[in-house]
Amino acid sequence: MFADKSTPALDPARIPAHVAIIMDGNGRWAKKRFLPRIAGHKAGMENVKVITKAASRMGIKVLTLYAFSTENWKRPDAEVNYLMSLPVDFFNVFMPELIAENVRVQVMGELAALPAKTRQAAAAAEADTAQNTGMILNFALNYGGRDELIEATRAIATEAAAGTLDPTAIDGDTVAAHLMTNRLGALADPDLLIRTSGEERLSNFLLWQMAYSELVFAPEYWPDFTPSVLTRAVADYQARDRRFGGIDANS
Ligand code: FPP
């Protein structure tokens, strides 16, 4: 993907406002080192700290991280339990730094299905950083794009059936207002999606919101995804011509 392995200079005026990341490859990172898969997830969590700081300092406004999908329950119990303990560890240890960085934590997903300790850690992190005005660190936890659209459809249909919503007035804004990203306001749609580990698919992530996102696939496993690789992904984004279905002004 990247021809040049050096760290390029970025145009500060065109930093993507919302970057979403599918943090893939923790298991393969561990396997390569003859370590158990959970060691890969621990290294992945450590890297969340590093990339959060780098993204905040780069001027990114929202960083959405896919931490657990609605399909990840299919993994062995021990791995699921470990993944559910990661937000607890992360917020316990990293909260002072998040506050020092002025980062605001938000968590989206089917949170009711999470273990109580995970839910409580997420709620506490949101509450403790609610006054922060810098980058929003948005964790997708037990998140699935199709489930999100099903829930939105159900809510819209319920309002229409109750007579509080005119079905002929339903438009894109109506749908967006019923999605979990609604609280991000004008920044709900990612400008840039990065997936690590060389896999090239969306895996049920932000299906509505990524209609016009630029996609960058990085070969590095997530624990090896450094701030300079992030910089190269953003440089790749800055080289793209975003037309949103239109044509260039000078075409
Ligand atoms: C995908 O790699 C990764 C996950 C399913 C979990 C991602 C979670 C983290 C990086 C830590 C999250 C941290 C916090 C603070 C919540 P994989 O296991 O599918 O890797 P593989 O494809 O190589 O097996």
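Residues numbered from 1 in each chain as written. Predicted model: local features only at pLDDT ≥ 70, side-chain atom pairs only at ≥ 80, totals over all residues. Heavy atoms only, no water.

Colleague: Looking at this model, I keep getting lost on the site of the ligand. Mind explaining?
Modeller: Neighbouring the ligand are 19 residues, the closest being Gly27, Arg28, Arg37, His41 and Arg75. Measuring from an oxygen atom of the ligand, one finds a side-chain N or O atom of Arg37 at 2.8 Å. Contact with the protein chains hides 91% of the accessible area of the ligand, taken as 630 Å² for the molecule alone. Cavity membership is defined here by more than half of the atoms lying within 2 Å of grid points; on that basis the ligand lies in the largest pocket. Elements supplying a minimum of two residues to the shell around the ligand: α1 (26–32), α2 (37–58) and α3 (77–100). Each residue belonging to the shell around the ligand can be placed in one class, and the counts come to 9 nonpolar, 6 polar and 4 charged. (Near = heavy atom within 4 Å. Polar contact = N/O pair within 3.5 Å; in protein donor to acceptor, adjacent residues only side chain to side chain. Areas by Shrake-Rupley, 256 points an atom, 1.4 Å probe, with all protein chains shown as cover. 1 Å grid on protein atoms, 1.4 Å probe; cavity = no way out; pocket = protein on both sides within 12 Å on 5 of 7 lines; lining within 4 Å. Sits in = over half its atoms within 2 Å of the grid points. Helix = DSSP H or I, 4+ residues; strand = E, 2+ residues; numbered from the N terminus. Nonpolar A, V, L, I, M, F, W, Y, C, P; charged D, E, K, R; others polar.)

Colleague: Explain the sheet that holds strand β4 (residues 136–143) here, please?
Modeller: The strands that make up a sheet are held in pairs by hydrogen bonds between backbone atoms, and each pair lies either parallel or antiparallel. Strand order in the open sheet formed by 6 strands is β3-β4-β2-β1-β5-β6, with parallel pairing between adjacent strands. The open sheet has two edge strands, β3 (104–108) and β6 (214–217), and neither has a second partner. Taking each pair of neighbouring strands and ignoring which way they run, the sheet shows an average axis angle of 20 degrees. Here α2 sits on the sheet and contacts β1 (18–22), β2 (62–69) and β4; the angle it forms with β2, its principal contact strand, is near 160 degrees. (Pairing = 2+ DSSP bridges. Axes fitted to C-alpha atoms, helices over the stretch in contact; angles between N-to-C directions. Contact = heavy atoms within 4.5 Å.)

Colleague: Even after reading the chapter, I still don't get the layout of surface pockets, so can you show me in this structure?
Modeller: The gaps of empty space that remain are located by a probe, the size of a water molecule, rolled over the atoms. In this structure, the largest pocket encloses a volume near 730 Å³. The wall of the largest pocket is formed by 33 residues, among which Met23, Tyr66, Ala67, Phe68 and Asn72 lie closest to the centre. Taken together, the elements giving at least two residues each to the lining of the largest pocket come down to α1, α2, β2, α3 and β4. Of the residues in the lining of the largest pocket, the class split is 16 nonpolar, 9 polar and 8 charged. (Points joined across faces, edges and corners; volume = space filled by probe spheres on them.)

Colleague: How do you make sense of the nonpolar core when you look at a structure like this?
Modeller: General note: in soluble globular proteins, nonpolar side chains tend to be found buried as a group. Ile21, Phe90, Phe91, Leu98, Phe139, Phe225 and Leu230 are the most contacted members of the largest nonpolar core, which has 46 residues in total. A per-element tally of this core places α3 first, with 10 residues. Membership of the second largest hydrophobic core comes to 10 residues, among which are Met108, Ala140, Tyr143 and Phe205. (Core = buried A, V, L, I, M, F, W, Y, C linked by side-chain atoms within 4.5 Å. Buried < 20%, exposed > 50% of the residue type's maximum accessible area, 1.4 Å probe, protein only.)

Colleague: Would you mind going over the pairing of β3 with me for this structure?
Modeller: Regular strands have side chains that alternate between both faces of the sheet. Within β3, 4 of the 5 residues are buried, which leaves the element mostly enclosed by the surrounding structure. Across 5 bridges, the pairing between β3 and β4 is parallel. For Val105, the partnering residue across the bridge sits in β4 and is Leu137. After leaving β3, the chain enters helix α4 (residues 116–129) and then returns to the sheet as β4, a path that is left-handed. (Right-handed = clockwise from strand over helix to strand, strands pointing away.)

Colleague: Which parts of the structure should I look at to understand the environment of Ala177?
Modeller: With respect to the helices and strands, Ala177 occurs in helix α6 (residues 172–177). As for Ala177 and Arg14, which are separated by 163 residues in sequence, their C-alpha atoms are 26 Å apart.

Colleague: Help me understand the packing of α3 against α4 in this model?
Modeller: Any two packed helices are characterised by how steeply their axes cross, that is the angle between the axes, and by the distance between the axes. Contact geometry for α3 and α4: axes closest at 9 Å, N-to-C directions at 20 degrees. By the criterion of interaxial angle, the relationship of α3 to α4 is roughly parallel. Relative to α4, α3 is oriented so that their crossing is left-handed. Contact residues: Asn81, Met84, Ser85, Pro87, Val88, Phe91, Met95 and Ile99 in α3; Lys117, Thr118, Ala121, Ala122, Ala125, Asp128 and Thr129 in α4. Classifying every residue of the contact of α3 with α4 by side-chain character gives 9 nonpolar, 4 polar and 2 charged. (Parallel < 35°, antiparallel > 145°, perpendicular 65-115°, else oblique. Left-handed = near helix turned anticlockwise from the far one by under 90°.)

Don't take any of this as a statement about function, it's just geometry.
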